[in-house]
Amino acid sequence: MSSEENSSEQQSQGEFERQAVPQSSWLGFRSFIGMYAGEHCAGTELMIGPLFVAAGVSAFDVVVGLIVGNLLAVLSWMFLCAPIATRTRLTLYYQLEKICGRRLVILYNIANGVMFCFLAGSMITVSATALGVWFKFPMPGLNDLYPNSVGWVIAVLAIGVLISFVAAFGYKTVAKFANIAAPWMVLVFLAFGLIGLRNFIVATGTEVSSAGDVWGLCKDTIWKGGDPLPGQIKFTFWHVMFFAWFCNMAMHVGMSDLTVLRFAKKSWYGSASATGMYVGHFMAWLAAAMLFAFQLHQTHPDQYMADLLTQNTTAKYTQSALMDGPMSPDLIREAMEIEAQLVADGTIAKEDMKISVPTPLPGPLAYGACGITGLICVIIAGWTTANPTIYRAGLAFQAIIPKASRFKVTIATGLLATVAAMFPAIAMKLLGFVMLYGMILMPMGAVVFVDFWLLKKFGLQSNYAEVSGKTFNWAAGLAWFLTFGVCCYFVKYTGIQIFFVSLPGWFIAAALYICISLIYQKKIRPTGQEV
């Protein structure tokens, strides 16, 4: 269950939406442990873990990178988000309205709602892969951008419509469904990891008598490092660390969880996020990664690929060595290059190309590990996270058109997410997408942080829109737009990957907000007004 939804329930009943949470409604530490554990052991974990393997990550890089990155995420909740949440006790949206003005918050809600729709779409995609195992229709590949079969479209549509109606019936329906499923899913994810490890031990004949033996298996067989699969970015320790830290950037650095942590008695309750980080973003990611790593270990070049490589290279390979050995990124890449050259030469037709990149589809991976139980887990994991995500997106859109029916807005939002789910590129490129999501919303988190802690130290007015009556605070708006533009420039023209731009981007946004406020507030406030 999404932790933000606890506060959404309160708001739907007209409680504390535009006021500080009273002391009588503050919650204890245990309440937040369950929230974060449930939210972060979800359908997307079944895609993210395998994508690490596709990125050619090594054992040290993935294990240590996740430990450090998740720690930084927990510290971000504890020291950036929670202290403001427990002092103001306001929702993010109301806090932003005080700072930025109503019209700028509308733009923020649009951006937030659209990104929520795409994120929910990736979760619907995850669930649809389980139906592909049952009904045996063709499913998308790792580098596919568009739907590749009628069966896929129908499966996504059926799941998406069902999820949309559940979300439209409101928070209580969403929360009830998630609360029942969440504890069971954690156990199934643990089973994925244990079964994946056992499969590697059996397949390799490894004798395990100590933790050192397990680590040797991990670094030599499971996460071997080396080149990524074709079409994927090579991941190092730094990629893993920054991804683990910033995949939920919108929530902690971006301050979305002000809405959640305003109910906490103490700011240190932000440490409860560790349950989500180390259950979902450590255990579940590694468990799912093992399933795809074992799929690659058990996949061997077929006769076509073996013929392609032996007949078009100079005694580099033998048929027996190729067909008895595991598939590797180098073999796939070389075979694809040979095939592309044969097409260019006119030796074979483009439609006769057969080499493809192995795809980490959650449905087949889970079925191979746990059978029907695994398929049910995939469906429910995607469902329980798509439900509250669509619900949140609907709330964001409804805030723009408050007179519209929440039920109708949520249905429309769910249908938009369903259309997005039909295009597999979002799920297959999930690592980059969640980084983009954080990068878009991160500048507003910097604005909130600076406005609360620093602005008065520069002789400036915090909550400026509320004090001045402005509906659009140009200092906040320009800090957001310019920071996003600078980050896009870094990614497109300087070669800095999207995983690394948000950290300097936060400082850029903070500096811009201060500098522009010095000009903007001085220009429009009456002479002699105290600020």
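What you see is a predicted model, and the numbers here were worked out from it, not measured in a lab.

Draft legend 1. How the structure looks around the overall build of the protein chain. Within the protein chain one finds 23 helices and 0 strands. Counting over 531 residues, the protein chain shows a buried share of 57%. For the protein chain, contacts bridging at least 24 residues in sequence account for 84% of all contacts bridging at least 6. One finds the centroid of the 33 positive side-chain charges in the protein chain at a distance of 16 Å from the centroid of its 28 negative side-chain charges.

Draft legend 2. Local environment of helix 17 (residues 372–400). Relative to the 42 Å expected for 29 residues at 1.5 Å per residue, helix 17 spans 42 Å between its end C-alpha atoms, a close match to the ideal helical length. Most of helix 17 is tucked away, with 23 of its 29 residues classed as buried.

Draft legend 3. Spotlight on unusual backbone geometry. Positive phi, normally seen in glycine, also occurs at Arg89, with a value near 60°. At Met255, a residue that is not glycine, the phi angle is positive and equals roughly 75°. Relative to the helices and strands, Met255 is located in the loop between helix 10 (237–246) and helix 11 (258–261).

Draft legend 4. Representation of the domain arrangement of the protein chain within the structure. According to the domain assignment, the protein chain consists of domain 1 (5–12 + 33–297 + 360–430) and domain 2 (301–352). Using only C-alpha atoms to locate each centre, domain 1 and domain 2 end up separated by 36 Å. Counting residues at the interface gives 6 residues for domain 1, matched by 7 residues for domain 2. Across the interface of domain 1 and domain 2, roughly 550 Å² is buried in total on both sides, 58% from carbon and sulfur atoms. Sorting the residues of domain 1 by area buried against domain 2 places Asp227, Pro230 and Leu296 first, and these three jointly supply 63% of that buried surface. Summed over the shared surface of domain 1 and domain 2, the number is 0 salt bridges. One can count 1 residue pair in polar contact (both at pLDDT 80 or more) joining domain 1 with domain 2. Tallied by class, residues from the side of domain 1 that touches domain 2 come to 4 nonpolar, 1 polar and 1 charged.

Draft legend 5. Focus on the packing of aromatic side chains. In total, this model carries 33 aromatic pairs according to the counting rule given. Where Phe118 meets Phe433, the ring centres are 6.3 Å apart and the plane angle is 85°; that geometry is what we call edge-to-face. Of this pair, Phe118 sits in helix 6 (residues 102–135) while Phe433 sits in helix 20 (residues 430–453), placing them 315 residues apart in sequence. Three or more aromatic residues joined by ring pairs form one cluster here, namely Phe52, Phe235, Phe242, Phe243, Trp245, Phe246, Trp285, Phe499 and Phe500. Here Lys354 stacks its cationic end above the ring of Tyr304, 5.0 Å away from the centre of that ring. One cation-aromatic arrangement involves Lys492 over Tyr493; the distance from NZ or CZ to the ring centre is 5.7 Å.

Draft legend 6. Looking closely at a nonpolar patch on the surface. Together, Trp134, Phe135, Trp184, Tyr367, Ile372 and Ile376 make up a nonpolar patch on the protein surface, roughly 600 Å² of accessible area in all. Listed by contribution, the elements that provide at least two residues to the nonpolar patch are helix 6 and helix 17. On the secondary structure map, Ile372 appears in helix 17. Since its relative accessible area comes to 42%, Ile372 is described here as partly exposed.

Draft legend 7. Up close: the nonpolar core. Phe32, Phe52, Phe192, Trp223 and Phe243 are the most contacted members of the largest nonpolar core, which has 176 residues in total. Shared between two domains, this core holds at least three residues of each, these being domain 1 (5–12 + 33–297 + 360–430) and domain 2 (301–352). Beyond its immediate stretch of four places on either side in the chain, Phe243 contacts Ile48, Phe52, Trp285, Leu431, Val434, Met435 and Phe499.

Draft legend 8. Focus on helix 3 (residues 45–54). Summarising burial for helix 3: 10 of the 10 residues are buried, a large majority. Looking one or two places after helix 3, you find Gly56, whose phi comes out positive at around 70°.

Draft legend 9. The arrangement of the pattern of salt bridges in detail. Applying the stated rule across the entire model yields 5 salt bridges. Its salt-bridge partner being Arg333, residue Asp330 comes within 3.6 Å of it at the nearest N-O pair. Taken together, the positions of Asp330 and Arg333, both in helix 15 (residues 329–345) and 3 residues apart, correspond to about one turn of that helix.

Draft legend 10. Region of interest: the packing of helix 4 (residues 59–88) against helix 12 (residues 273–298). Where helix 4 meets helix 12, the axes come as close as 9 Å, and the angle between the chain directions of the two elements is 160°. Our classification of the angle between helix 4 and helix 12 gives roughly antiparallel. For the pair helix 4 and helix 12, the sense of crossing is right-handed. Here Val62, Val63, Leu66, Ile67, Asn70, Leu71, Ala73, Val74 and Trp77 of helix 4 lie close against helix 12, whose contacting residues are Ser273, Ala274, Met277, Tyr278, His281, Phe282, Trp285 and Leu286. A per-class count over the contact of helix 4 with helix 12 returns 14 nonpolar, 3 polar and no charged.

What counts as what
- Residues numbered from 1 in each chain as written.
- Predicted model: local features only at pLDDT ≥ 70, side-chain atom pairs only at ≥ 80, totals over all residues.
- Heavy atoms only, no water.
- Helix = DSSP H or I, 4+ residues; strand = E, 2+ residues; numbered from the N terminus.
- Buried < 20%, exposed > 50% of the residue type's maximum accessible area, 1.4 Å probe, protein only.
- Contact = heavy atoms within 4.5 Å.
- Lys, Arg positive; Asp, Glu negative; His and termini not counted.
- Charge placed at Lys NZ, Arg CZ, Asp CG, Glu CD.
- Expected span 1.5 Å × (residues − 1).
- Domains from an automatic or database assignment.
- Buried area = accessible area lost by both parts, 1.4 Å probe.
- Salt bridge = Lys/Arg side-chain N within 4 Å of Asp/Glu carboxyl O.
- Polar contact = N/O pair within 3.5 Å; in protein donor to acceptor, adjacent residues only side chain to side chain.
- Nonpolar A, V, L, I, M, F, W, Y, C, P; charged D, E, K, R; others polar.
- Phe/Tyr/Trp six-rings, centres within 6.5 Å; stacked < 30°, edge-to-face > 60°.
- Lys NZ or Arg CZ within 6 Å of the ring centre and 35° of its normal.
- Patch = residues over 30% accessible without salt bridge, like charges linked within 9 Å, V, L, I, M, F, W, Y side chains within 5 Å.
- Areas by Shrake-Rupley, 256 points an atom, 1.4 Å probe, with all protein chains shown as cover.
- Core = buried A, V, L, I, M, F, W, Y, C linked by side-chain atoms within 4.5 Å.
- Axes fitted to C-alpha atoms, helices over the stretch in contact; angles between N-to-C directions.
- Parallel < 35°, antiparallel > 145°, perpendicular 65-115°, else oblique.
- Left-handed = near helix turned anticlockwise from the far one by under 90°.

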